[in-house]
Amino acid sequence: MKLWGGRFAKNTDKSVDDFNSSIRFDSRMYKQDILGSIAHAKMLGECSIISKDESLLIQKTLKEILADIENGLIEFEVDAEDIHMNIEKVLIERIGDTGKKLHTGRSRNDQVALDIRMYLKDEVLEIQSMLVSLQNTLLDIAEKNLDTILPGYTHLQRAQPITFAHHMMAYFQMIRRDIERLCDCYKRINVMPLGSGALAGTTYPLNRELVANELGFQAITENSLDGVSDRDFVVELASGLSILMMHLSRFSEEIILWSSHEFYFIELDDAYSTGSSIMPQKKNPDIAELVRGKSGRVYGSLMTLLTVMKSLPLAYNKDMQEDKEAIFDAVDTVKMCLPVFTQMLGTMKVRKENMYKAAQGGFTNATDIADYLVKKGVPFRSSHEIIGKMVLYCIQNNKAIDELSMDEFKGFSSLIEEDVYCEISLEKCVSGRNIPGGPAKESVVNAIENGKKFIQSLK
Ligand code: ARG
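Now for a quick tour of the structure. (Residues numbered from 1 in each chain as written. Predicted model: local features only at pLDDT ≥ 70, side-chain atom pairs only at ≥ 80, totals over all residues. Heavy atoms only, no water.)

In this section: the environment of Phe172. With respect to the helices and strands, Phe172 occurs in helix 7 (residues 164–189). Expressed as a C-alpha distance, the spacing of Phe172 and Phe76, which sit 96 residues apart in the sequence, is 44 Å. Residues within four places of Phe172 in sequence aside, it is in contact with Gln135, Leu138, Leu139, Gly451, Phe454 and Ile455. (Helix = DSSP H or I, 4+ residues; strand = E, 2+ residues; numbered from the N terminus. Contact = heavy atoms within 4.5 Å.)

Written out as C-alpha cells, the structure reads:
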C-alpha cells in the first residue's frame, strides 16, 4: 500500500505510477533527504514531540540506510513514487511504528524544497571552485603573454592592437561576475523551509532554527506558503548558469576562430582536439564547439523552469516536480564543460608570431596616428579624415602605415615628423594605453593583481 493510501479504495493504475514517479531523477538527492530527515528527527526528539529513544532509533536507522544506499544495497521502487517516500518506506520496514513517526510535522512539500536547496548548495560551491580554476588558468596565460600583441577586433575586423594578456583578462572579469552571481544566488538558496508543512505550517512546536543550524542554513523561510511555493532560487541558478554558458560560448567561438588556419593564433593540444574520419589532415576544436553547443541545453533548462513556474497558484503543485530534471541537467552540463574547457585552455599553444603579424596588418595603428596629429594641434575630426585618406592610399599602394616614407607622410600633413615611426609602432600603441582598465603592461599587471586578490577574497 502507498504511504498515503488510507483514503483510497483502489490502487493507482500502473501507468499512473510510472507517470507520477520522480524516483528515476530525484534519487540523486538521497543523501540530502536522509540528512534532512536526521535533523528533523533530532529536533522532534529535542522538542519532546517524539521520545528521545524514538528519535535516536530513527537517526541511527537513517544513517544505516544511507550507508546501504551508498553500498548499492537498496533498490528504489517506482511504486514508492519519489526519493522521500522510498526512504521513509525502508525506514518503516526496518523499525515499524517508530519509523512512522518521522513525518510528524512535516510534508513532502517542505521536504522536497529542503532537499533541492541542500542539493543545489553543494553544486553551487562545486561550480564556483571550477570557475576559480578557470580563472587561475586565465591568470597564468595572462602572465605569460603580457607582451604578446595581437589585433583587438570590432565587427570581427582588425581594430586596435592589444595584448593576449588583456584579452584573457576580459574573460577573467566575465567569470568573476559569474562567480559573484552564484554567490548572490547562494544566499537565497541558503534558507531553510522545513516547518512550512504542506502549506500552512504545523501545530507542533517545531524548533525550526535548530534544524537550520543543524543543516548549516543561514536562515529560515518566513512564510509557510512561500516556503513550499518558492522555486525562484532554481530559476536564478539556471539563469546564472545560462549567462556563464553564454560567456563560455563566446570564448569557445574565439578558440574556434583562433585555431583555424585563417587566424592560426593558437594551436590546441592534441589531447584536447579531434580528427576527422575521412579527412586525414583535420584537427578539430570539438571541445570548444561542444561547449558552444551545450549552452543551448542550459538556456533550454532556464526556459523550462520559467515556463513550469509561470502562473502556478500558491502553494505546491505537482508541476513543480518538473523543476528537477531541468536544473539537474543545467548543473550537470556546466560541471561537464568547465574542467575540460579549462584544461583545453591551459594546454593550448599561443602562436605569438602569428598574432603579431596579424596586428601589423589591417591598419590597427590608424587611431594612433590620428591621435598623433591631434597632439600636434589638429582637431580630431580633421585628423580622422586625413588619416582615412592615408589608409586609402596605403590600400591602393599595398603598404602598411608605418611603411610610408617621410615624403609620403608629409604629403598628408606637414606636421608629421620622424618621431611618427616610433609613435605608431604596435608596442607604443599598446604601452600608451596605460589608463586603468587598458591593455598596457602596467595596467594589465594591475588587473592580474586585483584578480588574485579577488580569488583570495573567496577563501
Ligand atoms: N516528488 C515530488 C516533487 O518532486 C515531491 C513532493 C510531492 N508532494 C506532493 N504533495 N505530491 O515535487
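There is more to say after this.
Take the pairing of strand 2 (residues 157–163) next. Bridge count between strand 1 (residues 149–154) and strand 2: 6 bridges; the pairing is antiparallel. Looking at strand 2, one finds that Pro151 is bridged to Pro161. If you look at the hairpin formed by strand 1 and strand 2, you'll find 2 residues sitting between the two strands, and His155 has a positive phi there, around 55°. (Pairing = 2+ DSSP bridges.)

Around the ligand, a shell composed of Ser22, Asp82, His84, Arg108, Asn109, Val112, Tyr316, Gln321 and Lys324 is seen. At a separation of 2.9 Å, a nitrogen atom of the ligand approaches a polar side-chain atom of Asn109. Gln321 places a side-chain nitrogen or oxygen 2.8 Å from a nitrogen atom of the ligand. Its free accessible area being 340 Å², the ligand has 86% of it covered by the protein chains. The element best represented in the shell around the ligand is helix 6 (residues 108–144), accounting for 3 residues. Taken together, the residues of the shell around the ligand sort by class into 2 nonpolar, 4 polar and 3 charged. (Near = heavy atom within 4 Å. Polar contact = N/O pair within 3.5 Å; in protein donor to acceptor, adjacent residues only side chain to side chain. Areas by Shrake-Rupley, 256 points an atom, 1.4 Å probe, with all protein chains shown as cover. Nonpolar A, V, L, I, M, F, W, Y, C, P; charged D, E, K, R; others polar.)

Here Glu81 is to be found in the loop between helix 4 (52–70) and helix 5 (83–95). Its relative accessible area of 5% is what places Glu81 among the buried residues. Within polar-contact distance, the side chain of Glu81 engages the side chain of Arg108 at 3.1 Å. In this structure, Glu81 is in contact with Trp4, Asn20, Ser21, Ser22, Ile23, Asn86, Arg108 and Lys318, ignoring residues within four places of it in sequence. (Buried < 20%, exposed > 50% of the residue type's maximum accessible area, 1.4 Å probe, protein only.)

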